[in-house]
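Structure at a glance
Below are the chains, spelled out letter by letter.
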Amino acid sequence: MAKPSHATWGGRFTAGPAELMLQFSESVSFDRRLAPFDIAGSKAHSAMLAHTGLITAKERDAIHAGLDAIHAEIVAGKFTWDTKLEDVHMNIEQALTKRVPAAAKLHTARSRNDQIATDMRLFFKHACAVLAEKILGAERALLAVAEANRDVLIPGYTHLQRAQPVFLSHHLFAWLEMLDRDRARFAEVAAHANWCPLGSGAIAGTTLPIDREFTAKALGFTDAKGRPQVTQNSMDTVADRDLFIEFASACALFGVHISRIAEDLILWSSAEFKFVELPDAFCTGSSLMPQKKNPDSCELLRGKSARLQGNLHTLLTLAKGLPLTYNRDLQEDKPPVFDSFDQTAICADVLAGTLGGMEVISERCAAAVADPALLATDLADYLVLKGVAFRDAHHAVGAVVRLAEKKAVALNELSFADVQGVHAAFAEDWIEVFDLKRALAKREGTGMPGPKQVAKQFARWRKALK
Ligand code: ARG
C-alpha cells in the first residue's frame, strides 16, 4: 500500500504515489539546474506579493533570507535533493517552508505552470548569452588563423572537385559568416524569451490582486527603455514551447555549420590534401596503428550535430499533438534543451581549441592551387572580352582542356598554335590568364575573393569580433 501523500498537492489524495510512479515522474534529477532561476523567480514573486499587500514586508524579508540561504547551500553542494518531492520547485519550496513559516504564502497566485515557464525563460536568456560568447570565441580563433595565413591561396571546391582559386581567408570567412549568423540567432532567441509569464497561474491567472509588471521588472523582463514585458495570454503562456524549439533549432543549425566546418578540416588534414596539421591536443591515436593521428575533435563535432538535430526533433514531436494547455508530457521538454545547451557550449569551445592550434601547410596549399585548370573559367572570360559569346567561349575552353588531356600536358603548357587551332579569338596574350595573382586581382566585386575585397573583410571582422 502506498503511503498517504505529503506532496504540495496532496490534500485531495488519500494515498501517495507508488514508488514506481515517483521514480517515473520525478524531474528534479535534471531540473535542479534551474534552481538559481527558480529562486530568482520566487524572490521577485514574493517581492510583488508584498508590494500589493498579499504578504507583509516582514514575511517577504524572511522568505528572501531563506531563499538566499538555500541558494548558498545549493551552490556549496550541501542541499539535499529529494526525488520524492518531484521537481526543483517543490524541493526548494518545502525546504523553505521548514525554515520559514511565511513560505507557506510564497505560492500565492502562482502555479508551477507559470513558474516553470518563467524559470525556462530566465534559463534561455542566460543560455543564449553563454553560447553567443562561446561562439564569439570560436570566431576569434578563426580570424586568427586567417590573419596568420593572409597570403595563402587554395583551390575552392564544388562537388569536392577543384573549382577556382581563392584566398584561404576567403574560405575561412565563409565559416565566419555561418558562425556569426548563429551568434545573431541566439541573440534573437534571447529577445523572444524576454517576456514574463508570472501571473498566468495554472491557466487562467488569479483572482488575487497581483502586479505582473512589477514582477517582470524585478526579473529583468524589460525592453530597451526599461519597460516591463509580460506575456499576453495566460493559456498560451503555460502551453507555449516555441522557445524550446527555437533554442534547439538554433543549436541544431549551429551543429550543421560546425559539422560542415569539421568535414572540411577532416579532408584538409588528410594525407591526400594536407592543407593543415591539426593540433595534437585535439587529435587521438590508434590503439593498433602506431602512425595514426586521427581528427577526433572534428569527427565528434560532426557527430554531435546529429544529436543536436535529434533534440530538436524530440521537442517538435513532443509539442505537436498536445491539447492546450499544460500537459505533463511537457516535463520531457527539459532534457533535450539542457543537452543541446551543454553540447553546443562544449562544441563551440572545442572548435575554438582545434582552430587555435591548427597549422596551415602553405607549400601544400600552393601546390594544389598551382593547377592551371582552376583558371579555365578565366580563360573563357578572356574569350568573352575578345567578343566571343560565353556559351561558345565555354565550349572552346572545354576543347582546349580536352586537347591538353590528350597531349598529357597542363593547360598552360599548350602552344599558342594549339589554342589558335581551337578558336581564332585566342591571341598571344592568352597565356597571361594563368597568372594567379592577376586572376585574383580581377575579382574585386563585393563578396568576391580579390585581395582588396579580402582586405575589406579582414577589417570588417576585426571590428566585429573585437
Ligand atoms: N516539473 C513540471 C514540469 O517540468 C513542473 C510543472 C508541473 N505542473 C503540473 N501541473 N504538474 O513540467
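Located above this text is the structure these notes cover.
From N to C terminus, the protein includes 18 helices and four strands. The principal-axis extent of the C-alpha atoms belonging to the protein is close to 100 × 55 × 40 Å. Per-residue burial over the protein gives 47% buried out of 466 residues. Of the contacts formed within the protein by residues at least 6 apart in sequence, a portion of 72% connects residues at least 24 apart. Mean positive and mean negative side-chain charge positions of the protein (54 and 56 charges, respectively) differ by 3 Å.

Turning to the pairing of strand S2 (residues 161-167), a few remarks are in order. Consecutive side chains along a regular strand alternate between the two faces of the sheet. Across six bridges, the pairing between strand S1 (residues 153-158) and S2 is antiparallel. Each residue of the ladder has a partner; that of Tyr 157, found in S2, is Arg 162. Adjacent in sequence and paired antiparallel, S1 and S2 are bridged by two residues, among which His 159 carries a positive phi angle near 55 degrees.

The ligand sits among Ser 27, Asp 87, His 89, Arg 112, Asn 113, Tyr 326, Gln 331 and Lys 334. Asn 113 is positioned such that a nitrogen or oxygen atom in its side chain is 2.9 Å from a nitrogen atom of the ligand. The contact in question runs from an oxygen atom of the ligand to an N or O atom on the side chain of Lys 334, over 2.6 Å. Here the ligand, which alone exposes 340 Å², has 87% of that area covered by the protein. Partitioning the shell around the ligand into residue classes produces one nonpolar, four polar and three charged.

Counting residues in each nonpolar core, the largest one holds 107 residues, and the members touching the most others are Phe 123, Phe 247 and Trp 268. Per-element accounting of this core gives the leading share, 16 residues, to helix H6 (residues 112-148). Apart from residues no more than four positions distant in its own chain, Trp 268 is found in contact with Ile 154, Leu 168, His 171, Leu 172, Trp 175, Phe 273, Lys 274, Phe 275 and Val 276. Formed by 22 residues, the second largest nonpolar core is a distinct cluster that contains Leu 379, Tyr 382, Leu 403 and Val 419.

Turning next to the packing of aromatic side chains. What the rule picks out here adds up to 18 aromatic pairs. Where Phe 123 meets Phe 338, the ring centres are 5.1 Å apart and the plane angle is 75 degrees; that geometry is what we call edge-to-face. With a gap of 215 residues between them, Phe 123 in helix H6 and Phe 338 in helix H12 (residues 334-356) connect regions that are remote in the sequence. Judged on exposure class, the residue Phe 123 and its partner Phe 338 are both buried. Here Phe 186 and Phe 247 contribute two aromatic rings whose centre-to-centre distance is 5.8 Å and whose plane-to-plane angle is 65 degrees, an arrangement assigned as edge-to-face. With Phe 186 in helix H7 (residues 168-193) and Phe 247 in helix H10 (residues 242-268), the pair connects residues that are 61 residues apart, well separated along the chain.

Turning next to the environment of Val 75. Its location among the elements puts Val 75 in helix H4 (residues 57-75). Counting along the chain gives 63 residues from Val 75 to Ala 138, while the straight-line C-alpha distance between them is 29 Å.

Side chains of Ile 203, Met 235 and Leu 324 sit close together on the surface and give an oily, nonpolar patch of about 280 Å² of accessible area. Mapped onto the elements, Ile 203 comes out in the loop between H7 and helix H8 (212-218). The class of Ile 203 is partly exposed, set by a relative accessible area of 35%.

Moving on: unusual backbone geometry. Note that the residue after Leu 324, namely Thr 325, is joined by a cis bond; omega there is 10 degrees. As for its placement among the helices and strands, Thr 325 is situated in the loop between helix H11 (296-320) and H12. The residue Glu 86 is not glycine, and still its phi comes out positive at about 65 degrees. Even without a glycine there, the phi angle at Leu 160 is positive, about 60 degrees. Within the secondary structure layout, Leu 160 lies in the loop between S1 and S2.

A separate point is the side chain of Ser 200. Within the element layout of this structure, Ser 200 appears in the loop between H7 and H8. Contacts of Ser 200, omitting those with residues within four sequence positions, involve Asp 114, Gly 205, Arg 212, Thr 231, Ser 234, Thr 237 and Val 238.

Here the focus is the packing of H10 against H12. The description of two helices packed together rests on the angle between their axes and the distance between the axes. Packing of H10 against H12 leaves a shortest axis separation of 10 Å and a crossing angle of 30 degrees. With respect to their mutual orientation, H10 and H12 come out roughly parallel. Crossing geometry of H10 relative to H12 is assigned as left-handed. On the side of H10, the interface is formed by Phe 244, Phe 247, Ala 248, Cys 251, Phe 254, Ile 258, Ile 261 and Leu 265, while H12 contributes Val 337, Ser 340, Phe 341, Thr 344, Cys 347, Ala 348, Leu 351 and Leu 355. Of the residues in the contact of H10 with H12, the class split is 14 nonpolar, two polar and no charged.

Conventions and cut-offs
- Residues numbered from 1 in each chain as written.
- Predicted model: local features only at pLDDT ≥ 70, side-chain atom pairs only at ≥ 80, totals over all residues.
- Heavy atoms only, no water.
- Helix = DSSP H or I, 4+ residues; strand = E, 2+ residues; numbered from the N terminus.
- Buried < 20%, exposed > 50% of the residue type's maximum accessible area, 1.4 Å probe, protein only.
- Contact = heavy atoms within 4.5 Å.
- Lys, Arg positive; Asp, Glu negative; His and termini not counted.
- Charge placed at Lys NZ, Arg CZ, Asp CG, Glu CD.
- Pairing = 2+ DSSP bridges.
- Near = heavy atom within 4 Å.
- Polar contact = N/O pair within 3.5 Å; in protein donor to acceptor, adjacent residues only side chain to side chain.
- Areas by Shrake-Rupley, 256 points an atom, 1.4 Å probe, with all protein chains shown as cover.
- Nonpolar A, V, L, I, M, F, W, Y, C, P; charged D, E, K, R; others polar.
- Core = buried A, V, L, I, M, F, W, Y, C linked by side-chain atoms within 4.5 Å.
- Phe/Tyr/Trp six-rings, centres within 6.5 Å; stacked < 30°, edge-to-face > 60°.
- Patch = residues over 30% accessible without salt bridge, like charges linked within 9 Å, V, L, I, M, F, W, Y side chains within 5 Å.
- Salt bridge = Lys/Arg side-chain N within 4 Å of Asp/Glu carboxyl O.
- Axes fitted to C-alpha atoms, helices over the stretch in contact; angles between N-to-C directions.
- Parallel < 35°, antiparallel > 145°, perpendicular 65-115°, else oblique.
- Left-handed = near helix turned anticlockwise from the far one by under 90°.

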